Amino acid sequence: MSKNVFTEMDGKFAGNEQFQNEGADYFNPQAFIELVYARRSIRKFTDEKIPDHIVDECLDLALLAPNSSNLQTWEFYRLKSEQIKKDVATACFSQPAATTASELIVCVARPDHWRAHCKQMLATFSSLPVETPKSAILYYSKLAPFVYTVGFFNVLTPFKWIFNTLVGFFRMVPREPISSFGLGVWSIKSCSLACENLMLAFRSQGYDTCPMEGYDSVKVKKIMGLPSKAHIVMIVGAGKRAEGGMYGPRIRFPREQFIKTI
Ligand SMILES: Cc1cc2nc3c(=O)[nH]c(=O)nc-3n(C[C@H](O)[C@H](O)[C@H](O)COP(=O)(O)O)c2cc1C
């Protein structure tokens, strides 16, 4: 097996023993099954407000989602201003899932934050009570910048493609992202996982959600003052389920269509 950054990444933090058993004893499949089954997209909510501490806890749980390189290139905007909330709900084509939601959370991927977060990670390492392995420092100071830099106006894209293709003949290379589009996809993947955490967290507290991509993203960005580099991944409406809020039975196609064994 050839050596690469992933095979070498077993460089553990000194004093790692204290983290080794984090979560290891957890075993509660039934609770998870029930939670996953209980989450449905709900399109109408009552006037009942969700207590602040619950919204905060759900948002905190969203932030615990796994994410690429742990660079956390995401943002979650809880719309508190009644005016902004109303305008965003209108930009969601006034769908009831938005207009009746007591909470609207705009989930945003920020691929443009990767560089700042690399620096933040390195600064965080130096403040940890345990010693950071060299491989981790190298990852954020050298490898991540190499992989995620696409250059101004994608100027590096053709060079990265040629480099990856040529080197790829002889050894394995990380092929993506090579463009700002790819970087967007990269960031959206992680943000989507956080969205699922968020929705399951609300459900676990007895509240319902509806993820929405039915919105005019340009309008929403304008209302919220978001830059063009930000990608709105989805807007999550949350609240107490109203009668008639569930539009139909859960429909999923046969599992054989999607689950393959090779
Ligand atoms: C990315 C994404 C965007 C969605 N956009 C909308 C939307 O704009 N409006 C809506 O009513 N539902 C929306 N949904 C909800 C889906 O319609 C719903 O998840 C699907 O029908 C399956 O139903 P279930 O969530 O109850 O299992 C969206 C879901 C996802 C994941």
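Conventions and cut-offs
Residues numbered from 1 in each chain as written. Predicted model: local features only at pLDDT ≥ 70, side-chain atom pairs only at ≥ 80, totals over all residues. Pairing = 2+ DSSP bridges. Helix = DSSP H or I, 4+ residues; strand = E, 2+ residues; numbered from the N terminus. Axes fitted to C-alpha atoms, helices over the stretch in contact; angles between N-to-C directions. Contact = placed C-beta atoms within 7 Å. Buried ≥ 20, exposed ≤ 12 C-beta atoms within 10 Å, placed from the backbone.

Trainee: Please clarify how the sheet that holds strand β2 (residues 103–109) should be interpreted in this entry.
Mentor: Strand pairing in a sheet relies on backbone hydrogen bonds, with the paired strands running either antiparallel or parallel. Strands sit in the order β1-β2-β4-β3 across an open sheet of 4 strands; the sheet is antiparallel. Of all the strands in the sheet, just β1 (74–78) and β3 (208–212) have a single pairing partner and so form its edges. Pairwise comparison of adjacent strand axes, ignoring direction, gives a mean angle of 20 degrees for this sheet. Across 7 bridges, the pairing between β2 and strand β4 (residues 231–239) is antiparallel. Across the sheet, the residue bridging to Val106 is Ile235, located in β4. Contacting β1, β2, β3 and β4, helix α8 (residues 180–204) crosses the sheet at an angle of about 5 degrees to β4. Across the sheet, helix α9 (residues 217–224) touches β1, β2 and β4, and the angle it forms with β4 is around 80 degrees.

Trainee: Explain unusual backbone geometry to me, please; I cannot follow it from the model alone.
Mentor: Negative phi is the rule for most residues except glycine; trans is the rule for most peptide bonds. The step from Glu176 to Pro177 runs through a cis peptide bond, and the omega angle for that step is -5 degrees. As for its position among the elements, Pro177 is in the loop between α7 (157–170) and α8. For Ser69, which is not a glycine, the phi torsion comes out positive at approximately 55 degrees. With respect to the helices and strands, the residue Ser69 is situated in the loop between α2 (52–62) and β1. Even without being glycine, Asn154 reaches a positive phi, approximately 60 degrees. Following the sequence through the fold, Asn154 ends up in the loop between α6 (134–148) and α7. What makes Asn154 partly exposed here is the crowd of 15 C-beta atoms within 10 Å.

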